[in-house]
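What the coordinates show
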Amino acid sequence: MAPNLSDSPFSSLANTLIKAFEEKQETTSDKKISVNILVTKVASYYEKLRTSMDYGNEETILRRAIERNLKRRLFLDTDPKSLAHDLVRELIWAGYFKDDTLPESVIKKVSDSINLQLELKKRIAKLKLAPGVDIYEFIIQILSCEIYTILAPNNPREAMANFMFHVLKNSVDIIDDSKQTTDVQVFVAVRKNFARDDIAFLRYKLFVQIFGRLTDANFNQTVSSFPKGLNEIIYQLSYPKKDRIFNHIKKKTPPFLILYDLLRQEKDNLKELVKNQENFKSVIYAICDKRYRNIRNKVKTAVIRSFIFILFTKAFVALSIEGTFEKIFYGSVQWGSIALNIVVPPILMVLAGMRIKTPDDKNSHIIYLDIYKLLLEENPKITEDISLKLKPDSVKTIKDYVFSLLWFLSIILIFGVISIFLTRLHFNPLSQAIFLFFIAIISFLSYRIYQTASAYTVIFKKNILTPILDFFFVPVIRVGRGFTEGITQANFILIIIDYIIETPFKGLVGFFEQWFSYLAAKREELE
């Protein structure tokens, strides 16, 4: 039987959440930053091309743009004031913020943040830190997240993430570890699932939880306790049971995503809306349908970005490495195999994206029932509890070793079958290795696109073919994840673009903006 909403008040936790959405955003009368329209058009087109070649979530594009900007500019200028000024203007050029929307006061805030973080890097360089930690990379990531928070604060989204954490934190129990560690792991899983935080955002969120946002007041304390805090962040983000907890939280993320949309859409009308059960239900269904349609667009965007990422990287590898190898060892370039090597993997990516389906009304109904509980029940329970154990009960058994061996053999079998097929197509050994390398990457990227499509799915239908598909594709996907993460860190095409092409291009854009401002000033003198 459907719940009766009209007699049920909001829970205390839900009331706190609703207030966060009802709060008016602070407005300032400060002068706004304005840039040249023509410059913005040119720079935004470049930025769209650049981000299409990048690997990462759509939700973290702005943060990654800030990080990329910081790395490039710190090679040329370490003065926080000029760096902050140029960085903010460049983000407006690129279209991340509309003209005349950011107040000039944010430049001072960004400058202060840059100054503090660079000083922190200088101070902790002398301390004994965890081996293998790139402290420059760590600080730049923390700084990029801090600047993101200054420029694009999203208090309602943070409130929803906190609400989700409080609702789900007691659904996880790690028997042989502390409640604090369990809470941190649920917090991280919520951030990854709801906010779609990448590793930089996760490091930043834990940094803030441990030290607070870096200020002059807590600077010395942060320096002295930094090694201990850094070790804690590294430990929590590599926790052995993190994947199990992530998947547990993921299953109940869709209701919170839809509730977030509902509160943004009906924040001034929600109390009246819940008095009519049918209206309330129809609004939630409508939001779900809108999100399902949006999934198709997201999948399309993800496929296009992955297609370009693969195509450019594949073309570079094929022409520079494979072509050179064939010229040396075979006397000529085998254009047929190179063409297949370049074209086939991206086409497979597109075909995989076309097979992805969106949820139906049954899925929407479950989301509706969960949202009812989240808003109106004092202690909402929308998922079963899980109990985990950090340490295994015993040492590895023979069965564990057999499974590990079968896992390894399955990888050999799958790649071996593909290799035999490629041999019949007259692919040389290097061409085969490159083809297998990109097939693994495409398998992983296709899986990521599937995850994007299932962001609002709570009903996962079981298929008799699932075990067979797992046998053939999971090993390849796991291999592809390792390859993709590696190629992202050392993508020579992006390195060339960022440091050889982008630096002079953005310098030229800045020059023309100043020139146009000069011409505008001269025109005003004529009036």
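Reading guide: rules and limits
Within each chain, residue numbers correspond to sequence positions counted from 1 in written order. The predicted origin of the model limits local features to residues at a pLDDT of at least 70 and limits the giving and counting of side-chain atom pairs to 80 or more, whereas totals for whole chains, interfaces and linings rest on all residues. To obtain the side-chain values, all non-hydrogen atoms of the structure were used and water was disregarded. Helix and strand definitions follow DSSP, with helices as H or I runs of at least four residues and strands as E runs of at least two, each counted in order from the N terminus. For the exposure calls, accessible area comes from a 1.4 Å probe over protein chains only, and a residue counts as buried if that area is under 20% of its type's maximum, exposed if over 50%, partly exposed in between. A contact between two residues is defined here by any heavy atoms of the two lying within 4.5 Å. Only the protein chains shown count as cover for residues, and the accessible areas themselves come from Shrake-Rupley with a 1.4 Å probe. Here the nonpolar core consists of buried residues drawn from Ala, Val, Leu, Ile, Met, Phe, Trp, Tyr and Cys, with membership extended through side-chain atoms lying within 4.5 Å. The axes used here are C-alpha line fits, helices contributing only the stretch in contact, and every angle between their N-to-C directions lies in the interval 0 to 180 degrees. Angle categories: roughly parallel below 35 degrees, roughly antiparallel above 145, roughly perpendicular from 65 to 115, and oblique for all the rest. Each crossing is labelled by how the near helix is turned from the far one, with a counterclockwise turn of less than a right angle marking it left-handed and a clockwise turn marking it right-handed. Classification of ring pairs uses Phe, Tyr and Trp, with its six-membered ring standing for Trp, and accepts pairs whose centres are within 6.5 Å; under 30 degrees between planes counts as stacked, over 60 as edge-to-face, and the remaining range as tilted. The rule for a charge over a ring is simple: NZ of Lys or CZ of Arg within 6 Å of the ring centre, and within 35 degrees of the ring normal.

Looking only at helices and strands, the protein chain features 20 helices and two strands. The proportion of buried residues among the 527 residues of the protein chain is 46%. Partitioning the intrachain contacts of the protein chain with sequence separation of at least 6 by distance along the chain shows that 83% fall at a separation of at least 24. When the accessible surface of the protein chain is split by element, carbon and sulfur atoms take 60% of a total near 28500 Å².

The biggest cluster of nonpolar side chains holds 113 residues, and the ones touching the most others in it are Met160, Phe256, Leu259, Leu262, Phe280 and Leu375. With sequence-adjacent residues up to four places away left out, Leu262 is seen in contact with Lys267, Leu270, Leu273, Phe280, Val283, Ile284, Ile287, Ile371 and Leu375. Judged by nonpolar contacts, the second largest core, of seven residues, contains Ile414, Leu436, Ala440 and Val479.

On to the packing of helix α8 (residues 179–193) against helix α11 (residues 242–250), then. In a pair of packed helices, the angle between the axes and the distance between the axes together describe the arrangement. It is the contact of α8 with α11, at a shortest axis distance of 9 Å, that shows an interaxial angle of 55°. By the angle class used here, α8 and α11 are oblique. Crossing geometry of α8 relative to α11 is assigned as right-handed. Of α11, the residues touching α8 (which contributes Gln185, Val186, Ala189, Val190, Lys192 and Asn193) are Lys242, Ile245, Phe246, Ile249 and Lys250.

Looking now at the packing of helix α17 (residues 398–424) against helix α18 (residues 429–453). Direction vectors running N to C along α17 and α18 enclose 135°, while the axes themselves pass 10 Å from each other. The angle between the axes of α17 and α18 places the two elements in the oblique class. When you trace α17 past α18, the crossing you get is right-handed. Contacts between α17 and α18 involve Phe415, Ile418, Ser419, Leu422 and Thr423 from the former and Gln432, Phe435, Leu436, Ile439 and Ala440 from the latter.

What follows deals with unusual backbone geometry. Backbone phi values are negative for most residues with the exception of glycine, while trans is the configuration of most peptide bonds. Despite not being glycine, Asp100 has its phi angle at roughly 60°, a positive value. The residue Asp100 is located in the loop between α4 (80–93) and α5 (105–124) in this model. Phi at Arg196 takes a positive value of approximately 60°, unusual for a residue other than glycine. With respect to the element layout, Arg196 can be found in the loop between α8 and α9 (199–211). Here Arg196 falls in the partly exposed class, since its relative accessible area comes to 28%.

Turning our eyes to something else, we now look at the packing of aromatic side chains. Evaluation of the coordinates by the stated rule reveals 11 aromatic pairs. Judged by centre distance (5.9 Å) and plane angle (85°), the ring pair of Phe138 and Phe226 falls under edge-to-face. Here Phe138, found in helix α6 (residues 135–151), pairs with Phe226, found in helix α10 (residues 219–237); they are 88 residues apart in sequence, far enough to count as distant. Here the two residues Phe138 and Phe226 agree in accessibility, since each one is buried. Aromatic pair Phe427 and Phe435: ring centres 6.0 Å apart, planes at 80°, arrangement edge-to-face. Through a chain of ring-to-ring contacts, three or more aromatic side chains come together here, namely Phe138, Phe207, Phe211 and Phe226. Across from the ring centre of Phe246, 4.9 Å away, lies the NZ or CZ of Lys192, which sits over that ring.

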